[in-house]
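# Overview (structure and organization)
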Amino acid sequence: MEIPVGLGPENGAHAPDTGQLSRDGRWDTGRLYLAIAKGAFRRYSTYRAATVAGTVTNTVFGFILAYTFLALWQARPGLGGYDTAQAVTYIWISQSLLVTVAVWGGGFQDEVQDRFRTGDIAIDLYRPVDFQGWWLATDLGRAAFHLVARGLLPTLVGALAFHLRLPTDPLVWAVFLLTVLIAVVASFGLRFLVSLTGFWLHDSEGIRAVMLVVAMFFSGMLLPIGLFPGRLGELAHVLPWAALIQIPTDILLERRTGGAVLTGIAFQLVWALVLLAAGRAAQLLATRKVVVQGG
Amino acid sequence: MAELLVPEPQVRGPEPQLLAPETRMARVRWALRSWRLVAAMWTRATMAYRASFYLMFAASIAATSLDFVVLLLMFQHTDSLGGWSLPELGFLYGTSGLCLGLANLLVGSADALGDRIRTGTLDTMLIRPAPALAQLCAERFSLRRLGRPLQAASVLAWSLTELHVRWTADRVLLVPVLLVCGTVIFGAVYIGGATLQFWWGEVRELQNSLTYGGATLIHYPPTIFAKELVAGVVFGIPLAFVNWLPSLRILGKPDPLGLPTAFQYASPIAAALCVLAAALAWRAGLRAYRGTGN
């Protein structure tokens, strides 16, 4: 995990004044974040065996869960407004998105956790790059790699082994990819808040474990939110985790069309922004608290 | 974190005659003792972050309960899945979760073998005067792994009160046999899967598809899966012997593959074969291993 990709001496030298900025300075910042994202993409792509192993795992779970859904929809055709092909597609798409959107947590969280343990977090805070922006850029790079490496194969295997209902309109796919991007940002917002609890708790693993449970359930990863009973369903529809899996898959399955697509995207965007802002506020509080003891 | 644990019990531990145990029995006792000492050390270490420990224990129970909540939600919409009722699925769920949970508690740490090879800590284990496998299995031991077996056991207890089984002698006897053999099979899968990392260091996640994936598979009745898949876990990786086959006998269900009844009692043989395969793999792996001298 080597640090700066675009942060050579020449960049580092004038990066500190990114605060009050001319146009080409802003362009530099953009290029810096792009370089960070590219670095993360490349770093994740070096672990080939791990990627293959992970993709196989997603595919195995895809098979198991697809059969359970087939059995459920055989007993209750049309349950929750999904036909059988849509229900099976839901499983394969959610398995394909699981790692990209990092419903389980992970990605930059593991690195930040290590940096809390070793004290390197102090170095991150006085780098001439924004702390939140740095990690967001690495996470977007990671997500781009995972979307290709861990999303394509399960989708293809699923399409070969089962009758899936995938859209033929390229516009639907484009909107789907946009919602996945926003989903990654929203998921980053959630995970960033969780990681920042490390400033107060020293070890955010416990909170992470709790969040995993909440996220798996309320993202609709295990069961579409539409199948939750009564109040629980209403609650799940407005919580931020709905932005991670449920909205992108509903758009791909064309259960959300026309205006519903726009409201879905708006819902995602609002949560993403709220979470990023909350992360920013928590970061300000945390940096005030940090005492670096030299060394 | 490891620096905190300076007084390492296994270093000052065994008496000279235990260092080179003569009989097989003495070797087993020695391995178990090493496991216990390392596990005790890690228990103390994890207790240093108390808040995190309790949160993670609670989260572990909640996370494993989640699968069951999904089952309950499914049964809000239907009365049977593949011809099996909710208590019958509870039996499958409880037995599979309990076996996986116990195996994970006892030997689950083995899956970090690849990391240990990469960081060179495996070499440390090999030069300590204690069996490497016992150390590997106990490393990073944590009591929070009790969450899954506890939760699964409570579902199993509930399903046993709800089921209407005619308890003949063989059925009563099959339940403990199932639990022991299932734990052994999952344990062998953990260790066998871990040994793959001697050759391919990064494939840790592959193991998840066998352990957690396998346990999820056998939460559900065999009737809902394709026959090829069911045959694969009977004759390939024998997870069907953990609970599917004995459960057909206990619950009096028809076998979707139509295998001879003998298969429903054959779990001990399957478990013995699994242990044999895992032991051979471990030895071959250890022999193939070359430290990098760090």
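Before reading on, note that the structure itself is shown above.
A brief look at the structure comes next. Residue indices begin from 1 for each chain and proceed along its sequence in written order. By the order in which they are written, chains take letters starting at A while ligands take numbers starting at 1. Local features in this predicted model are restricted to residues of pLDDT 70 or higher, and side-chain atom pairs are both shown and tallied only at a pLDDT of 80 or more, whereas totals for entire chains, interfaces and linings draw on every residue.

Turning next to the overall build of chain A. Counting secondary structure elements, chain A contains 13 helices and 0 strands. The linear arrangement of helices and strands in chain A, starting from the amino end, is α-α-α-α-α-α-α-α-α-α-α-α-α. To sort residues by burial, count the other C-beta atoms lying within 10 Å of each one's C-beta; a count of 20 or more means buried, 12 or fewer means exposed, and anything in between means partly exposed. C-beta atoms are built from the backbone. Taken across its 295 residues, chain A has 45% of its residues classed as buried. Note that contacts rest on C-beta atoms placed from the backbone: two residues are in contact if these are within 7 Å. Taking the intrachain contacts of chain A between residues at least 6 apart in sequence as the baseline, contacts between residues at least 24 apart amount to 80%. The way it works is that DSSP assigns letters per residue, a run of H or I at least four long becomes a helix, a run of E at least two long becomes a strand, and they are numbered from the N terminus.

Turning our eyes to something else, we now look at the overall build of chain B. Along the backbone of chain B there are 14 helices and 0 strands. Ordered by position from N to C terminus, the α and β elements of chain B give α-α-α-α-α-α-α-α-α-α-α-α-α-α. For a compact globule of 294 residues, the expected C-alpha radius of gyration is about 19 Å, and chain B comes in at 20 Å, within 12% of that figure. Taken over the C-alpha atoms alone, chain B extends approximately 60 × 45 × 35 Å along its principal axes. Expressed as a percentage of the 294 residues in chain B, the buried residues total 44%. Based on C-alpha atoms, the radius of gyration is set beside the globule rule, defined as 2.2 Å times the residue count to the power 0.38.

Right, let's get into the environment of Thr257 of chain A. Here Thr257 of chain A shows up in the loop between helix H12 (246–252) and helix H13 (259–289). Considered as a pair, Thr257 of chain A and Phe69 of chain A are 188 residues apart in the sequence and their alpha carbons are 24 Å apart.

Across the contact, 34 residues belong to chain A and 33 residues belong to chain B. Looking at the side of chain A that touches chain B, the elements that each hand over two or more residues are helix H3 (48–75) and helix H10 (205–218) of chain A. At 15 residues, H3 of chain A tops the list of elements feeding residues into the side of chain A that touches chain B. Classifying every residue of the side of chain A that touches chain B gives 27 nonpolar, 4 polar and 3 charged. The classification used treats Ala, Val, Leu, Ile, Met, Phe, Trp, Tyr, Cys and Pro as nonpolar, Asp, Glu, Lys and Arg as charged, and all other residues, Gly among them, as polar.

What follows concerns the packing of helix H5 (residues 86–107) of chain B against helix H9 (residues 147–162) of chain B. Residues and elements named next belong to chain B. Note on geometry: axes are lines fitted to C-alpha atoms, helical ones only across the stretch in contact, with angles between N-to-C directions running from 0 to 180 degrees. Close contact between H5 and H9 brings their axes to 7 Å; oriented N to C, the two are set at 155°. Classified by the interaxial angle, the pair formed by H5 and H9 is roughly antiparallel. In terms of crossing hand, the pair formed by H5 and H9 is left-handed. When its residues are assigned to classes, the contact of H5 with H9 shows 13 nonpolar, 8 polar and 2 charged. Should an angle fall under 35 degrees it is called roughly parallel, over 145 degrees roughly antiparallel, and 65 to 115 degrees roughly perpendicular, with every other angle called oblique. Should the near helix be turned counterclockwise from the far one by less than a right angle, the crossing is left-handed, whereas a clockwise turn marks it as right-handed.

The next subject is H5 of chain B. Take the number of residues in a helix, subtract one, and multiply by 1.5 Å to get its expected span. With 22 residues, H5 of chain B should cover 32 Å at 1.5 Å per step; its first-to-last C-alpha distance of 31 Å lies within 8% of that length. The buried fraction of H5 of chain B amounts to 20 of the 22 residues, a majority that puts the element mostly inside the structure.

We now examine the nonpolar core. Counting residues in hydrophobic clusters, the biggest one holds 152 residues, and the most contacted among them are Val101, Val103 and Ala186 of chain A together with Cys137 and Ile185 of chain B. No other element matches helix H8 (residues 170–196) of chain A, which puts 13 residues into this core. The contact partners of Cys137 of chain B, leaving out residues within four places of it in the chain, are Trp35, Leu106, Val107, Ser109 and Ala110 of chain B. Any nonpolar core is a set of buried residues, restricted to Ala, Val, Leu, Ile, Met, Phe, Trp, Tyr and Cys, that join up through C-beta atoms within 7 Å.

Further remarks concern the packing of helix H10 (residues 169–199) of chain B against helix H14 (residues 267–288) of chain B. All names here are of chain B. It is the contact of H10 with H14, at a shortest axis distance of 8 Å, that shows an interaxial angle of 20°. Considering the angle they form, H10 stands roughly parallel to H14. Two packed elements cross with a definite hand, and for H10 against H14 that hand is left-handed. Between H10 and H14, the contacting residues are Val177, Leu178, Cys181, Val184, Ile185, Ala188, Ile191, Gly192, Thr195 and Phe198 on the first element and Ser267, Pro268, Ala270, Ala271, Cys274, Val275, Ala277, Ala278, Ala281, Trp282, Gly285 and Ala288 on the second. Each residue belonging to the contact of H10 with H14 can be placed in one class, and the counts come to 18 nonpolar, 4 polar and no charged.

The next point concerns the environment of Gly220 of chain A. Residue and element names in this part refer to chain A. Along the chain, Gly220 falls in the loop between H10 and helix H11 (230–238). For Gly220, a count of 25 C-beta atoms within 10 Å gives the class buried. Apart from the residues within four sequence positions on either side, Gly220 is in contact with Ile225, Ala242, Ile245 and Gln246.

Let's shift gears to H9 of chain B. All names here are of chain B. With 16 residues, H9 extends 23 Å from end C-alpha to end C-alpha; this agrees with the ideal 22 Å at 1.5 Å per step. Within H9 the residues assigned to the buried category are Gly147, Arg148, Pro149, Gln151, Ala152, Val155, Leu156 and Ser159. Contacts from the buried residues of H9 go to helix H4 (50–77) and H5.

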